[in-house]
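Examination of the molecular architecture
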Amino acid sequence: GCELTDSTKSYTFQVDKEDDSDHILALSVVCLTDGAKDECNVVEVVGRNHENQEIAVPVANLKLSCQPLLSLDNFKLQPPVTFRLAAGSGPVHLAGWHRIVHKEDASFEEDDDLSAEE
């Protein structure tokens, strides 16, 4: 997880460029934490599209009095990805999980699928 605040507006999750494993980052919950003001806090995900252009997509608009927490049901992202506090002062906590699939593990998964079908 990470926390976005007025002083730390962004957090970037990236993996080693030499790592040939597949990485999946899933965002589970975005919530306001202790000390948050009753203002709109907009969290964006900044990534790259299929043409390698940077795109920013808002994923949460939190306000203490009406929606202090948002469940994103493991919203999957491909690293590198940046989380940015586009509006508000936070603090906003982001929680999720990171899964690494090694190339040799993927071949075992495919073999398991084949044997299950047979």
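Computed from a predicted structure; not experimentally measured.

The next point concerns the sheet that holds strand E8 (residues 92–101). Taken in spatial order, the four strands make up an open sheet running E1-E8-E3-E6, and their pairing is antiparallel. One side of each edge strand has no neighbouring strand; the edge strands of this open sheet are strand E1 (2–4) and strand E6 (69–77). Pairs of neighbouring strands in the sheet enclose a mean axial angle of 20 degrees, with direction left out of account. Strand direction decides the pairing type here: strand E3 (residues 22–32) and E8, joined by 10 bridges, are antiparallel. When the sheet's bridge partners are listed, Leu25 is paired in E8 with His98.

In this section: the pattern of salt bridges. As enumerated under the stated definition, the model contains two salt bridges in all. Note that Asp6 is salt-bridged to Lys9, the shortest N-O span being 3.3 Å. For Arg84, the salt bridge identified is with Glu44, shortest N-O distance 2.9 Å. Of this pair, Arg84 sits in strand E7 (residues 81–87) while Glu44 sits in strand E4 (residues 41–48); the two residues are 40 residues apart in sequence, bridging distant segments of the chain. You can call Glu44 buried: its relative accessible area is 16%.

We now examine the nonpolar core. In this structure, Val30, Val43, Phe83, Val92 and Leu94 are the most contacted members of the largest nonpolar core, which totals 21 residues. Sorting the residues of this core by element identifies E1, E3, E4, strand E5 (54–62), E6, E7 and E8 as the ones contributing at least two each. Ranked by residues supplied to this core, first place goes to E3 with four residues. Setting aside residues up to four positions removed in sequence, Phe83 forms contacts with Leu4, Lys9, Ser10, Tyr11, Leu25, Leu27, Glu44, Val45, Leu77 and Leu94.

To find leftover empty space, a probe the size of one water molecule is rolled over the atoms. Approximately 290 Å³ is the volume found for the largest pocket. In this structure, the largest pocket is lined by 15 residues; those nearest its centre are Gln14, Arg48, Pro79, Pro80 and Val81. The set of elements that each furnish at least two residues to the lining of the largest pocket consists of E4 and E7. Sorting elements by how many residues they give to the lining of the largest pocket places E4 first, with three residues. Classifying every residue of the lining of the largest pocket by side-chain character gives five nonpolar, five polar and five charged. Approximately 170 Å³ is the volume found for the second largest pocket. Together, 13 residues line the second largest pocket, and Gly1, Phe13, Leu25, Phe83 and Gly96 are the ones closest to its centre. Listed by contribution, the elements that provide at least two residues to the lining of the second largest pocket are strand E2 (10–13), E3 and E8.

Cut-offs and rules
Residue numbers restart at each chain and count upward from 1, following the sequence in its written direction. In keeping with the predicted nature of the model, local features appear solely for residues at pLDDT of at least 70, side-chain atom pairs appear and are counted solely at 80 or more, and the whole-chain, interface and lining totals rest on all residues. Remark: hydrogens and water are excluded; side-chain values derive from all non-hydrogen atoms of the structure. Strands were regarded as paired on the criterion that DSSP finds at least two bridges between them. Runs of E in the DSSP output that reach at least two residues are strands. Runs of H or I that reach at least four are helices, and both are numbered from the N terminus. What counts as an axis is a line fitted to C-alpha atoms, over the stretch in contact for a helix, and the angles between N-to-C directions run from 0 to 180 degrees. Any Lys or Arg side-chain nitrogen found within 4 Å of a carboxyl oxygen on Asp or Glu counts as a salt bridge. Exposure classes here rest on a 1.4 Å probe applied to the protein chains alone. A residue is buried below 20% of its type maximum, exposed above 50%, and partly exposed in between. For our purposes a nonpolar core is just a set of buried Ala, Val, Leu, Ile, Met, Phe, Trp, Tyr and Cys residues, chained together by side-chain atoms within 4.5 Å. The contact criterion used is simple: two residues touch if any of their non-hydrogen atoms lie within 4.5 Å. In this analysis a 1.4 Å probe is tested at points of a 1 Å grid over the protein atoms alone, and where it fits but cannot get out there is a cavity; an open set with protein on both sides within 12 Å along at least five of seven lines is a pocket; lining residues have an atom within 4 Å of a point. Grid points are joined across faces, edges and corners, and a volume is the space filled by probe spheres set on the points. Each residue receives one of three labels: charged for Asp, Glu, Lys and Arg, nonpolar for Ala, Val, Leu, Ile, Met, Phe, Trp, Tyr, Cys and Pro, and polar for the others, Gly being one of them.

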